[in-house]
Amino acid sequence: MTAPRRSRSALLLALAIAAATAATIAAQPSAAERSFIWKATSQQPGAVYLVGSVHMLTKDFYPLAPALDAAFKDSNLLVEEVDLAEMLSPTAQFSLLAKGMLPNGQSIDKVVSPKTMALVSSRLDALGMPLVALQQFKPWFLAMTLMAVEWQKAGFDASLGLDKHFYDRAQTEGKAVQGFETTEYQISRFDGMTMSQQDHFLAESLKDLDSEKASVVKLADAWKAGDLPTVERFVLQDLKDDPEMYQRLLVDRNRNWLPKIEALFARPGRAFVVVGAAHLVGPDGLLAMLKAKGIRVVQQ
């Protein structure tokens, strides 16, 4: 999932690299040739391609860079944050909706602060959306809904996101597909927040929406160019101002994924791993974690 400022990394539930990590990446191609993909190799015979994803894109980003297509063709397994077959199933969709709703007798105005509610009302008025249709949404679910609306207004579509693109190709080309997490676990990262944390998440998301409209395109362009410093500035700087959210949505999940990525080197063939770009970058990102394990990562 992808979102504005500190919540943008959350929706990726879904992007660059800190200076400390940049120093560990060897033999990078020239800036004009870079894409947001790394090849990881160890002493084992296998190799893993790590792709930082933008979960919503426009048709203007296709066709993709040759490095992405070549790596996918070279792989026999696609691994994403979650298996999209499971995520898109009616059962998972119903679970998301059920977990995103407040209990009977509660409404958004009763569980958030007056200041946050004023932000909600102002945003819904601007969008021409009636509160009655959304008043039973939990704060985290309302934040995601409104952020998705803004991305869609900017022309971005989840059906054109990198995750969906490669999932569809895997289905067509007969490649195996796996997920690091279940949809239920992803939902729990948000639904497990206290109501106070959800209030804060909603308020911060709404405060940033207007400024983020212009930033969305810049972020996607930086991703396309493999521009690590610019992507990092967009997705990590503000999120790290909220240590609890940073730990919950990025660090904990990266640590859970690391042994699963390490196991991929022992399998025959090469794996193509697609996760939100924020998960790859910074001192707590997967690239830095792999380097600390003695694994070589090279940007393609």
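All of these numbers come straight from a predicted model, not from anything done at the bench.

Undergrad: Residues and numbers for the nonpolar core, please.
TA: Across soluble globular proteins, nonpolar side chains have a tendency to be buried as a group. One finds F36, L50, L78, F166, F272 and L280 to be the most contacted residues of the largest nonpolar core, which totals 89 residues. Residues within four places of L280 in sequence aside, it is in contact with F36, W38, L50, V51, G52, V275, G285, L286 and L287.

Undergrad: Outline the pattern of salt bridges, listing residues and values.
TA: The full count for this structure, using the stated rule, is 13 salt bridges. Here E204 makes a salt bridge to K207, at a shortest N to O gap of 3.5 Å. With E204 and K207 both in helix α11 (residues 195-224) and 3 residues apart, the pair spans about one turn of that helix. For E204, a relative accessible area of 15% translates into the label buried. A relative accessible area of 52% places K207 in the exposed class. In the salt-bridge network here, residues are joined through shared partners; they are D69, R169 and E173.

Undergrad: Tell me about the packing of aromatic side chains, and name the residues and values.
TA: All chains considered together, the criterion is met by 12 aromatic pairs. For the ring pair F36 and W38, a centre distance of 5.1 Å and an interplane angle of 85 degrees mean the geometry is edge-to-face. Accessibility assignment for this pair places F36 and W38 in one class, buried. Seen from their ring centres, F61 and W223 are 6.4 Å apart, and the 55 degrees between their planes marks the pair as tilted.

Undergrad: Help me get a handle on the pairing of strand β3 (residues 77-82), residues and values and all.
TA: Of all 6 residues in β3, 6 are buried, a share of seventy percent or more. In terms of strand pairing, β3 meets strand β4 (residues 176-181) through 5 bridges, oriented parallel. When the bridges of β4 are listed, E80 appears paired with G179. Of the strand pairs in this sheet, β3 and strand β5 (residues 270-276) are connected by 4 bridges, and their pairing is parallel. From the neighbouring strand, V79 faces β5, where its bridge partner is V273.

Undergrad: Any chance you could break down the packing of helix α3 (residues 66-73) against helix α9 (residues 162-173) for me, citing the residues and the numbers?
TA: Here α3 crosses α9 at 40 degrees, and the two axes come no closer than 12 Å. Considering the angle they form, α3 stands oblique to α9. Once α3 is placed against α9, the crossing between them reads as right-handed. For the pair formed by α3 and α9, the contact residues are L68, D69, F72 and K73 on the first element and F166, R169, A170 and E173 on the second. In terms of residue class, the contact of α3 with α9 is built from 4 nonpolar, no polar and 4 charged.

Undergrad: How would you sum up helix α8 (residues 139-153)? Please name residues and give values.
TA: Taking 1.5 Å per residue, 15 residues should reach 21 Å; α8 reaches 21 Å between its end C-alpha atoms and fits that length. Counting buried positions along α8 gives 11 out of 15 residues, so the element sits mostly inside the fold. Immediately beyond the C-terminal end of α8, within one or two residues, lies G155, with a positive phi of roughly 95 degrees.

Undergrad: If you had to explain the packing of helix α10 (residues 183-191) against helix α13 (residues 243-264) to someone new, which residues and values would you point to?
TA: Between α10 and α13, the least distance of the axes is 11 Å, while the angle of their chain directions is 145 degrees. Considering only the axes of α10 and α13, their crossing is right-handed. Residues Y185, Q186, S188, R189 and F190 of α10 pack against R248, L249, D252, R253 and N256 of α13. Looking at the contact of α10 with α13, its residues break down into 3 nonpolar, 3 polar and 4 charged.

Undergrad: An account of the side chain of E181 is requested, with residue identities and associated values reported.
TA: Here E181 lies in strand β4. At 3.1 Å, the side chain of E181 and the side chain of W257 are in polar contact. Here E181 is in contact with E81, V82, D83, Q186, R253 and W257, once residues within four sequence places are set aside.

Undergrad: Can you lay out α10 for me, pointing to particular residues and giving the numbers?
TA: Of the positions making up α10, those classed as buried are T183, Q186, I187, R189 and F190. When α10 is viewed along its axis, its buried side chains cluster within an angular range of 145 degrees and face the same direction.

Undergrad: I'd like a description of the side chain of S205, backed by residues and values.
TA: Along the chain, the position of S205 falls in helix α11. Using a relative accessible area of 1% as the deciding quantity, one classes S205 as buried. Within the structure, S205 has its side chain in polar contact with the backbone oxygen of F201 (distance 2.7 Å).

Undergrad: Explain the environment of W38 to me, and be specific about the residues and the numbers.
TA: Mapped onto the elements, W38 comes out in strand β1 (residues 37-41). Here W38 falls in the buried class, since its relative accessible area comes to 0%. C-alpha of W38 to C-alpha of V48: the two residues are 10 residues apart in sequence and 8.3 Å apart in space.

Reading guide: rules and limits
Residues numbered from 1 in each chain as written. Predicted model: local features only at pLDDT ≥ 70, side-chain atom pairs only at ≥ 80, totals over all residues. Heavy atoms only, no water. Core = buried A, V, L, I, M, F, W, Y, C linked by side-chain atoms within 4.5 Å. Buried < 20%, exposed > 50% of the residue type's maximum accessible area, 1.4 Å probe, protein only. Contact = heavy atoms within 4.5 Å. Salt bridge = Lys/Arg side-chain N within 4 Å of Asp/Glu carboxyl O. Helix = DSSP H or I, 4+ residues; strand = E, 2+ residues; numbered from the N terminus. Phe/Tyr/Trp six-rings, centres within 6.5 Å; stacked < 30°, edge-to-face > 60°. Pairing = 2+ DSSP bridges. Axes fitted to C-alpha atoms, helices over the stretch in contact; angles between N-to-C directions. Parallel < 35°, antiparallel > 145°, perpendicular 65-115°, else oblique. Left-handed = near helix turned anticlockwise from the far one by under 90°. Nonpolar A, V, L, I, M, F, W, Y, C, P; charged D, E, K, R; others polar. Expected span 1.5 Å × (residues − 1). Polar contact = N/O pair within 3.5 Å; in protein donor to acceptor, adjacent residues only side chain to side chain. Arc of directions from axis to C-beta.

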